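Chains, contacts and geometry: an overview
What follows is each chain in one-letter form.
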Amino acid sequence: MTTTNEKNIATFLHLSALTQYVIPFGNYIFPIVIWSTKKNESEFVDYNGKQVLNFQLSIFVYTVVLCLIAIPIFIYSIFKNVPEGDIYINREFVIDNLSMGNLTGISILGIIAVLLFCFIKVIEFVLIIYGAVKTSNGEFYKYPLSIPFFK
């Protein structure tokens, strides 16, 4: 049986991941601080702390993979029509030949990667709130698509 204090700490642990919208890397810093100070006092808090950190690290991995797909594709799409000799004239960058005109299949893949990133961020927000609600009810919540870094 989990106490009200354990439920509150676990709920706050989930909600602390939302600090990423105010403080850079707050979604890692605050859950780690809360989890590391309270993990020995409660199995419920320890379990939820691991779940929050696993989910945040999983979202980070998914984001890095999408960036590794999207950024080179967009750079290629922008510069594919620029002749090599026209890039530097008098040490100034020539923008005349840059165009986003011909959208190829590879460009569409980059756009899909960006849309997936936006979708992941929305789902992340919703799942954090959902996890906080579940833990406030005393349930053990496991995030979907979470890679188990901490067991």
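Residues numbered from 1 in each chain as written. Predicted model: local features only at pLDDT ≥ 70, side-chain atom pairs only at ≥ 80, totals over all residues. Heavy atoms only, no water.

Looking only at helices and strands, the chain has four helices and two strands in total. Counting every position in the chain, which comprises 151 residues, the buried fraction comes to 34%. (Helix = DSSP H or I, 4+ residues; strand = E, 2+ residues; numbered from the N terminus. Buried < 20%, exposed > 50% of the residue type's maximum accessible area, 1.4 Å probe, protein only.)

Take the packing of aromatic side chains next. Tallied over the entire structure, the rule returns nine aromatic pairs. Aromatic pair phenylalanine 44 and phenylalanine 140: ring centres 5.0 Å apart, planes at 85 degrees, arrangement edge-to-face. Of the two residues, phenylalanine 44 is situated in helix α3 (residues 43-79) and phenylalanine 140 in the segment after α4 (105-136); the sequence distance between them amounts to 96 residues. For the ring pair tyrosine 47 and phenylalanine 140, a centre distance of 5.1 Å and an interplane angle of 70 degrees mean the geometry is edge-to-face. Linking tyrosine 47 in helix α3 with phenylalanine 140 in the segment after α4, this pair joins segments that are 93 residues apart in sequence. Here phenylalanine 140 falls in the partly exposed class, since its relative accessible area comes to 45%. (Phe/Tyr/Trp six-rings, centres within 6.5 Å; stacked < 30°, edge-to-face > 60°.)

Right, let's get into the confidence of the model for the chain. Segments scoring low in pLDDT should not have their predicted coordinates read at a detailed level. Per-chain confidence: the chain averages 84 in pLDDT, with 80% of residues scoring 70 or above. Per-element mean pLDDT across the chain ranges from 52 in strand β2 (residues 92-93) up to 93 in helix α1 (residues 4-15). (pLDDT = per-residue confidence, 0-100.)

Before going further, it helps to examine the environment of isoleucine 69. With respect to the helices and strands, isoleucine 69 occurs in helix α3. Taking the C-alpha atoms as reference points, isoleucine 69 and isoleucine 112, 43 residues apart in sequence, are found 9.8 Å from one another. Ignoring any residue separated from it by four or fewer positions in sequence, one finds isoleucine 69 in contact with Leu109 and Ala113. (Contact = heavy atoms within 4.5 Å.)

With that settled, the discussion passes to the packing of α1 against helix α2 (residues 26-38). The N-to-C vectors of α1 and α2 enclose an angle of 155 degrees; their axes lie 9 Å apart at closest approach. What the angle tells us is that α1 and α2 run roughly antiparallel. Where α1 crosses over α2, the handedness of that crossing is left-handed. In this structure, α1 uses Ile9, Phe12 and Leu13 to contact α2, whose residues at the interface are Pro31, Ile34, Trp35 and Lys38. Among the residues making up the contact of α1 with α2, the classes are represented as six nonpolar, no polar and one charged. (Axes fitted to C-alpha atoms, helices over the stretch in contact; angles between N-to-C directions. Parallel < 35°, antiparallel > 145°, perpendicular 65-115°, else oblique. Left-handed = near helix turned anticlockwise from the far one by under 90°. Nonpolar A, V, L, I, M, F, W, Y, C, P; charged D, E, K, R; others polar.)

A word on the pattern of salt bridges. For the structure shown, the criterion picks out four salt bridges. Residue glutamate 41 pairs with lysine 38 through a salt bridge whose shortest N-O separation is 3.8 Å. A relative accessible area of 57% places glutamate 41 in the exposed class. Taking relative accessible area as the criterion, lysine 38 reaches 28% and is therefore assigned partly exposed. Where glutamate 124 meets lysine 121, a salt bridge forms, and the shortest distance between an N and an O atom there is 2.8 Å. With glutamate 124 and lysine 121 both in helix α4 and three residues apart, the pair spans about one turn of that helix. Its relative accessible area of 22% is what places lysine 121 among the partly exposed residues. (Salt bridge = Lys/Arg side-chain N within 4 Å of Asp/Glu carboxyl O.)

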